[in-house]
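Residues per chain are reported as follows:
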Amino acid sequence: VQLQASGGGLVQAGGSLRLSCAASGRTFSSYFIAWFRQAPGKEREFVAAIRWTGGITYYADSVQGRSTISRDNAKSTVYLQMNSLKPEDTAVYYCAAGGSLVLSNRRGVVGAGGYDYWGQGTQVTVSS
């Protein structure tokens, strides 16, 4: 299984970015695909997740209303559109995939432990 994250970059506060996570190597129909982020000196934190089948979505409070997670089944790709970016959004963003029963509720979805596969990360830097 491979998860290839891309789309990061340097953007001014108030700007937008769209991150992509290209998934390959297995069928993800029952899986959640999630984005986590990790800023320097901080722990990895949940950003957003989408269930591949059905499209159920979850967001962290910190990005709710500013971000949209979506999927393109034909391209096996999950996107994270981030708008109104703030300097505190600066971090390395990772995509992850998981299909265990741990992910049956929000508590499980927002925890990193429920994910089996991780991508390499893409840097997002928001300047003030």
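Since the structure is predicted, the reported quantities are computational estimates derived from the model, not experimental observations.

1. Some details on the nonpolar core
For step 1, the next point in the chain: The biggest cluster of nonpolar side chains holds 40 residues, and the ones touching the most others in it are W35 and Y115.
For step 2, the next point in the chain: Among the secondary structure elements, those contributing two or more residues to this core are β1 (2-6), β3 (17-24), β4 (32-38), β5 (45-51), β6 (57-59), β8 (77-82), β9 (91-98) and β11 (122-127).
For step 3, the next point in the chain: Apart from residues lying up to four places away in sequence, Y115 is in contact with F32, A34, F36, A49, A96, A97, G98, L103 and V109.

2. What to know about the pattern of salt bridges
For step 1, the next point in the chain: Applying the stated criterion across every chain, the model contains three salt bridges.
For step 2, the next point in the chain: Ionic pairing is found between E45 and R37, a salt bridge with its closest N-O pair at 2.6 Å.
For step 3, the next point in the chain: Overall, E45 belongs to the partly exposed group, its relative accessible area being 36%.
For step 4, the next point in the chain: For D89, the salt bridge identified is with R37, shortest N-O distance 2.9 Å. One end of the pair, D89, is in the loop between β8 and β9; the other, R37, is in strand β4, with 52 residues separating them in the sequence.
For step 5, the next point in the chain: Its relative accessible area of 1% is what places D89 among the buried residues.

3. Structural notes on the pairing of β3
For step 1, the next point in the chain: Relative to β3, β1 is paired through five bridges, and the arrangement is antiparallel. Within β3, the position partnered with S6 by the bridge is S20.

4. Considerations on the state of the cysteines
For step 1, the next point in the chain: One pass over the full model with this rule turns up one disulfide.
For step 2, the next point in the chain: Between the sulfur atoms of C21 and its disulfide mate C95 the distance is 2.3 Å. As the torsion about the S-S bond is roughly 70°, the C21-C95 disulfide counts as right-handed. Taken as a pair, C21 in strand β3 and C95 in strand β9 lie far apart in primary sequence, 74 residues in all.

5. Things to note about the environment of S62
For step 1, the next point in the chain: Within the secondary structure, S62 sits in the loop between β6 and β7 (67-72).
For step 2, the next point in the chain: Placed 26 residues apart in sequence, S62 and E88 show a C-alpha to C-alpha distance of 9.6 Å.
For step 3, the next point in the chain: Here the side chain of S62 touches R37 through a polar contact of 3.4 Å, side chain to side chain.

6. Section: the packing of aromatic side chains
For step 1, the next point in the chain: For the coordinates displayed, the defined rule picks out eight aromatic pairs.
For step 2, the next point in the chain: Centroid distance F36 to W118: 5.2 Å. Interplanar angle 55°. Geometry classified as tilted. One end of the pair, F36, is in strand β4; the other, W118, is in strand β10 (residues 117-118), and 82 residues separate them in sequence.
For step 3, the next point in the chain: Assessed through its relative accessible area of 1%, F36 is described here as buried.

Thresholds, definitions, all that
- Residues numbered from 1 in each chain as written.
- Predicted model: local features only at pLDDT ≥ 70, side-chain atom pairs only at ≥ 80, totals over all residues.
- Heavy atoms only, no water.
- Core = buried A, V, L, I, M, F, W, Y, C linked by side-chain atoms within 4.5 Å.
- Buried < 20%, exposed > 50% of the residue type's maximum accessible area, 1.4 Å probe, protein only.
- Helix = DSSP H or I, 4+ residues; strand = E, 2+ residues; numbered from the N terminus.
- Contact = heavy atoms within 4.5 Å.
- Salt bridge = Lys/Arg side-chain N within 4 Å of Asp/Glu carboxyl O.
- Pairing = 2+ DSSP bridges.
- Disulfide = S-S within 2.5 Å.
- Polar contact = N/O pair within 3.5 Å; in protein donor to acceptor, adjacent residues only side chain to side chain.
- Phe/Tyr/Trp six-rings, centres within 6.5 Å; stacked < 30°, edge-to-face > 60°.

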